[in-house]
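Descriptive analysis of the structure
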Amino acid sequence: MSNDKYEKGLQIRTQVLGEDYVKRSVENADDFNRPLQELVTEYCWGHVWGREGLSMQERSMINLAMISALNRPHELKLHIRGALRNGLSREQIREILLQVGIYCGVPAAVDSFRIAREAFAEADAEAQQAEA
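Residue indices begin from 1 for each chain and proceed along its sequence in written order. Thresholds applied to this predicted model are a pLDDT of at least 70 for local features of residues and 80 or more for the giving and counting of side-chain atom pairs; totals over whole chains, interfaces and linings are not thresholded and use all residues. Side-chain metrics rest on all non-hydrogen atoms present in the structure, leaving aside hydrogens and water.

With that settled, consider the domain arrangement of the protein chain. Domain delimitation in this document rests on an assignment produced automatically or drawn from a domain database. Domain annotation of the protein chain identifies domain 1 (1–50) and domain 2 (53–131). Here the C-alpha centroids of domain 1 and domain 2 sit 21 Å apart. Once two parts are put together, the accessible area they lose, assessed with a 1.4 Å probe and summed over both, is termed the buried area. Summed over both partners, the interface of domain 1 with domain 2 comes to about 830 Å²; 63% of that surface belongs to carbon and sulfur atoms. Taken as a group, V16, L17 and W49 account for 64% of the area that domain 1 buries against domain 2, more than any other trio of residues on that side.

So this is what it looks like as structure tokens:
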């Protein structure tokens, strides 16, 4: 698939989620899930993330809160890593997850904090590998 929104979405998706993740997602797409990969890339990343009006950091903040509230652990970990790439600090992520606890429930925050710690550990391990 190739069109302007898809290409813009692919660029933004790669910037936020990382080249390895996006490359694997696209390369591992099959006849069953390829339409979903194309939809996500074009619609979510090209049409919405590609809009002006909110910074990448603001979009990451909103995503973390919503994904935490929806209890989507795999997506949450992915977007925590993306939020770090977008320049959010661990302290900002902590504050977002505390806010989730107040408005969406303590269990959502407890799970989200656990997932954040896993994402931080993975990011730290990758950073140490890159330095070696």
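Here we come to the environment of A29. Helix and strand assignments come from DSSP, with helices taken as H or I runs of at least 4 residues and strands as E runs of at least 2, each series counted from the N terminus. For A29, the position within the fold is in the loop between α2 (19–27) and α3 (34–48). Residue contacts are defined here by distance: any two heavy atoms, one from each residue, within 4.5 Å place the two residues in contact. Each residue touching A29, except ones within four places of it in the same chain, is listed here: R34 and Q37.

Here the focus is the pattern of salt bridges. Here, a salt bridge means any Lys or Arg side-chain nitrogen found within 4 Å of an Asp or Glu carboxyl oxygen. Counting across every chain of the model gives 9 salt bridges. The residue D31 makes a salt bridge to R34 at a minimum N-O spacing of 3.1 Å. Classification of residues uses two cut-offs on accessible area relative to the type maximum, computed with a 1.4 Å probe and protein chains only: under 20% is buried, over 50% is exposed, and between them is partly exposed. With a relative accessible area of 69%, D31 lands in the exposed category. On the basis of relative accessibility, which here comes to 33%, the residue R34 falls in the partly exposed class. One salt bridge in this structure joins R114 and E118, with 3.2 Å as the shortest N-O distance. With R114 and E118 both in helix α7 (residues 106–131) and 4 residues apart, the pair spans about one turn of that helix.

This brings us to the nonpolar core. Take the buried residues of types Ala, Val, Leu, Ile, Met, Phe, Trp, Tyr and Cys, join any two whose side-chain atoms come within 4.5 Å, and each joined set is a nonpolar core. In terms of nonpolar packing, the biggest core is built from 13 residues, with L64, L76, I80, L88 and I93 touching the most fellow members. The set of elements that each furnish at least two residues to this core consists of α4 (56–69), α5 (73–85), α6 (90–104) and α7. Looking at this core element by element, the count peaks at 4 residues for α7. Aside from chain neighbours lying at most four places away, what touches I93 is L64, I80, A83, L84, L88 and F120. One finds V16, L17, W49 and L78 within the second-largest nonpolar core, a separate group that totals 7 residues.

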